[in-house]
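Structural description and commentary
Residues per chain are reported as follows:
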Amino acid sequence: MKKTVSVIGLGNRGTEYMGFLKAFHSSKVGIYALCDCRKQALDDIAPKFSVPQERRFLSAEAFFAQGPVSDALIVTTQDASHYEIAKQAILTGYKLILLEKPVSGVKEKYTELRDLAAANGALLIVCHVLRYSNYYRKIKEIICSGQIGEIVTVNHTENVGYFHFAHSFVRGNWRDEAASTPSILAKCCHDIDLIAWFMDSPCVSVSSVGSLKYFRRENAPEGAAPTCMGGCRAKKTCPYDAERLYIKDPFYKAKFIKYMKRTLTGKAKNTRADVQEALRHGDYGRCVFMCDNDVCDNQLVTMTFANGATAVLEMNAFSDKMHRECHIVGTKGELIGYGTKLQMRLFGGKSEKVHTFSPGIGGHVEGDLRLVAGFVKLLCGETTDLTDITTIEATVMSHDIALAAEASRKNGGAPVFLKEI
Ligand SMILES: NC(=O)c1ccc[n+]([C@@H]2O[C@H](COP(=O)([O-])OP(=O)(O)OC[C@H]3O[C@@H](n4cnc5c(N)ncnc54)[C@H](O)[C@@H]3O)[C@@H](O)[C@H]2O)c1
């Protein structure tokens, strides 16, 4: 018999995961019930997955009041609701839960969820999708094989992309630390998770510097207006012009945010007029120098690990493309990764290109696909092996490091020992 999954949060992530379940796993898994606080989302999405009215819910409370209605649950709401919904899911009796990251920006909350999951025999998996991609799995495999010796240091850069940063962290959902989390947690808990996974040793201390350097009122160009379509005289030369990014750029030039119109309008299907209206009056048409954003647009984090190894993570908004770079230095050789391509150089030996068997769809999408495939395997009992699975237990370290980094940054870069947070 088919297994069933319910989903709370029918935005970008929830619908992507549901799409993968339908496209690749429909012989094993069906969508049972859906929940979103926006009726429009339920009306748009539920028919595509043949979910009847009586299994559509407008609040998590109403959904949980039904008891555990499916074999598993996916939680893809916004950051601030993850803790409460995941807690209710465990207490309601769900035994397999896929929860979007970040779990919480409060240590007591994510450790409480870890303990609650353990006490109730629930498997709470956090969507650190990158770990599931062939690319990062290959890196881990090489490290474990000992070919590059013991890791001495890791230098990892998350190039967020200027347009992506503006969309998410200046105009959008992750712009405000209080409403979501600091950008080093929201954006880089994936990267920190990778570093900690590669190290396989507890992090001992962290120090960090960074700031919101650019997306501030004083950097607005001459002639800028509060909205791009509200008479801005700097539009022509501003790379952040919302009209250009979301409407005018042709397909070959367009950045991926152009295809996230649902985020702008709240509707699955959009006309040009809908998008224009959203840009005139909504968050995403605002001048990037005149928003209510407060999260860092650049941050450096240094980490020391119990095994004596070190790591540096750089997060920055200012790249033309979104990509991650990773340089892993071992006692016998090094790995140099450019997001999809990987090279291994062994000291006194050869330098070789490593085939990662990562499809050319980008590490993130590949990770998303494989995360869902791994989730289905767990759901169907095809595997019980939790090695390398991003359980809440395995996630705590990435969140601890991110919180320690913020504490350090706010204290002028002074070291923070993890046992103190
Ligand atoms: N794993 C990753 O790589 C990755 C990438 C991007 C985003 N995310 C995370 O995924 C989550 C979802 O992101 P998204 O881009 O899909 O957001 P989104 O805003 O597109 O979707 C969230 C949906 O949840 C609904 N919702 C919000 N609060 C709710 C509540 N209390 N009850 C029911 N429904 C509620 C909203 O109406 C919306 O439809 C965020 O926490 C984000 O940080 C993870």
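This is a predicted model, so every value here is computed, not measured.

1. Re the sheet that holds strand β2 (residues 29-35)
Pairing is parallel in the open sheet, where 6 strands are placed in the order β3-β2-β1-β4-β5-β6. The open sheet has two edge strands with one neighbour each: β3 (56-57) and β6 (123-126). Judged from the 4 bridges that link them, strand β1 (residues 3-8) and strand β4 (residues 72-75) form a sheet pairing that is parallel. Residue pairing for β4: V7 is matched across the bridge by I74.

2. Some details on the sheet that holds strand β8 (residues 203-211)
Across the sheet, which stays open at both edges, the 9 strands sit in the order β14-β13-β12-β11-β7-β10-β9-β8-β15 with mixed pairing between neighbours. Two strands lie at the open edges of the sheet, namely β14 (351-354) and β15 (416-417), each paired on one side alone.

3. Some details on helix α5 (residues 107-119)
Here α5 is 13 residues long and its end C-alpha atoms lie 18 Å apart, about the 18 Å a rise of 1.5 Å per residue gives. All of the buried residues in α5 are Y110, T111, L113, L116 and A117. Packing partners of the buried residues in α5 comprise α4 (82-92), β6 and α14 (392-409). Where α5 ends, the next residue or the one after it, G121, has phi of about 65°, a positive value.

4. A look at the pattern of salt bridges
Taken as a whole and assessed by the stated rule, the structure comprises 30 salt bridges. Between R324 and E158 there is a salt bridge whose closest N-O contact spans 2.9 Å. Of the two residues, R324 sits in strand β11 (residues 323-330) while E158 sits in strand β7 (residues 151-159), which places them 166 residues apart along the sequence. Residue R324 is classed as buried on the basis of its relative accessible area, which comes to 10%. Between D191 and R324 there is a salt bridge; the shortest N-O distance is 2.5 Å. Taken together, the positions of D191 in helix α9 (residues 189-199) and R324 in strand β11 put the pair 133 residues apart, joining distant regions of the chain. For the residue pair D191 and R324, the accessibility class agrees, reading buried in each case.

5. Considerations on the domain arrangement of the protein
Taken as a whole, the protein is organised into domain 1 (3-126), domain 2 (131-215 + 295-357 + 390-420) and domain 3 (226-285). If you average the C-alpha positions of domain 1 and of domain 3, the two centres end up 30 Å apart. In this complex, domain 1 contributes 7 residues to the contact, which on the side of domain 3 involves 6 residues. Here domain 1 and domain 3 share an interface that buries about 490 Å² over both sides, 37% of which is from carbon and sulfur atoms.

6. Side note on α4
For α4, the full list of buried residues reads H82, Y83, I85, A86, A89, I90 and T92. Where α4 is buried, its residues contact β1, α3 (60-64), β4, β5 (96-99), α5 and β6. Note on α4: the residue one or two positions beyond its end, G93, has a positive phi of about 115°.

7. Some remarks on the side chain of S408
Position of S408 among the secondary structure elements: in helix α14. Under the relative-accessibility criterion, S408 is labelled buried at 0%. Among the polar contacts listed, one links the side chain of S408 to the backbone nitrogen of S208, at a separation of 2.8 Å. Not counting residues up to four positions away in its chain, the partners in contact with S408 are V206, S207, S208, G413, A414 and V416.

8. Comments concerning the site of the ligand
Residues in close proximity to the ligand total 24 residues, the closest being R13, D36, D79, H190 and H364. Contacts to the ligand include K101, whose backbone N or O atom sits 3.3 Å from an oxygen atom. In isolation the ligand has 860 Å² of accessible area, and contact with the protein removes 85% of it. Mapped by element, the contributors of at least two residues to the shell around the ligand are α1 (12-25) and α4.

9. Examining the side chain of T157
Secondary-structure assignment places T157 in strand β7. T157 has contacts with E314, N316, H323, R324 and E325, leaving out every residue within four places of it along the chain.

10. So, unusual backbone geometry
The omega torsion of the bond from K101 to P102 falls at -10°, within 30 degrees of zero and hence cis. Within the secondary structure, P102 is located in the loop between β5 and α5. Its identity is not glycine, yet D200 carries a phi of approximately 55°, on the positive side. Relative to the helices and strands, D200 resides in the loop between α9 and β8. In this structure, F357 takes a positive phi of about 55° despite not being glycine. Position of F357 among the secondary structure elements: in the loop between β14 and α13 (363-379). Accessibility expressed as a relative area gives 65% for F357, which makes it exposed.

11. A word on the packing of aromatic side chains
As enumerated under the stated definition, the model contains 22 aromatic pairs in all. Look at F57 and F63: their rings are 5.7 Å apart centre to centre, the planes differ by 75°, and that puts the pair in the edge-to-face class. Of the two residues examined, F57 and F63, each falls in the buried class. Here the aromatic rings of Y214 and F289 are separated by 5.2 Å at their centres, their planes lie at 90°, and the arrangement is edge-to-face. In this pair, Y214 sits in the loop between β8 and α10 (242-248) while F289 sits in the loop between α12 (272-281) and β9 (298-305), placing the two residues 75 residues apart along the sequence. A relative accessible area of 32% places Y214 in the partly exposed class. With a relative accessible area of 3%, F289 lands in the buried category. Grouped by ring-pair contacts, the aromatic residues Y162, F163, F165, F169, W174, Y214, F215, Y240, F256, F289 and F318 constitute a single cluster. Sitting over the face of the ring of F49, K22 holds its NZ or CZ atom 5.1 Å from the ring centroid.

Rules used throughout
Residues numbered from 1 in each chain as written. Predicted model: local features only at pLDDT ≥ 70, side-chain atom pairs only at ≥ 80, totals over all residues. Heavy atoms only, no water. Pairing = 2+ DSSP bridges. Helix = DSSP H or I, 4+ residues; strand = E, 2+ residues; numbered from the N terminus. Expected span 1.5 Å × (residues − 1). Buried < 20%, exposed > 50% of the residue type's maximum accessible area, 1.4 Å probe, protein only. Contact = heavy atoms within 4.5 Å. Salt bridge = Lys/Arg side-chain N within 4 Å of Asp/Glu carboxyl O. Domains from an automatic or database assignment. Buried area = accessible area lost by both parts, 1.4 Å probe. Polar contact = N/O pair within 3.5 Å; in protein donor to acceptor, adjacent residues only side chain to side chain. Near = heavy atom within 4 Å. Areas by Shrake-Rupley, 256 points an atom, 1.4 Å probe, with all protein chains shown as cover. Phe/Tyr/Trp six-rings, centres within 6.5 Å; stacked < 30°, edge-to-face > 60°. Lys NZ or Arg CZ within 6 Å of the ring centre and 35° of its normal.

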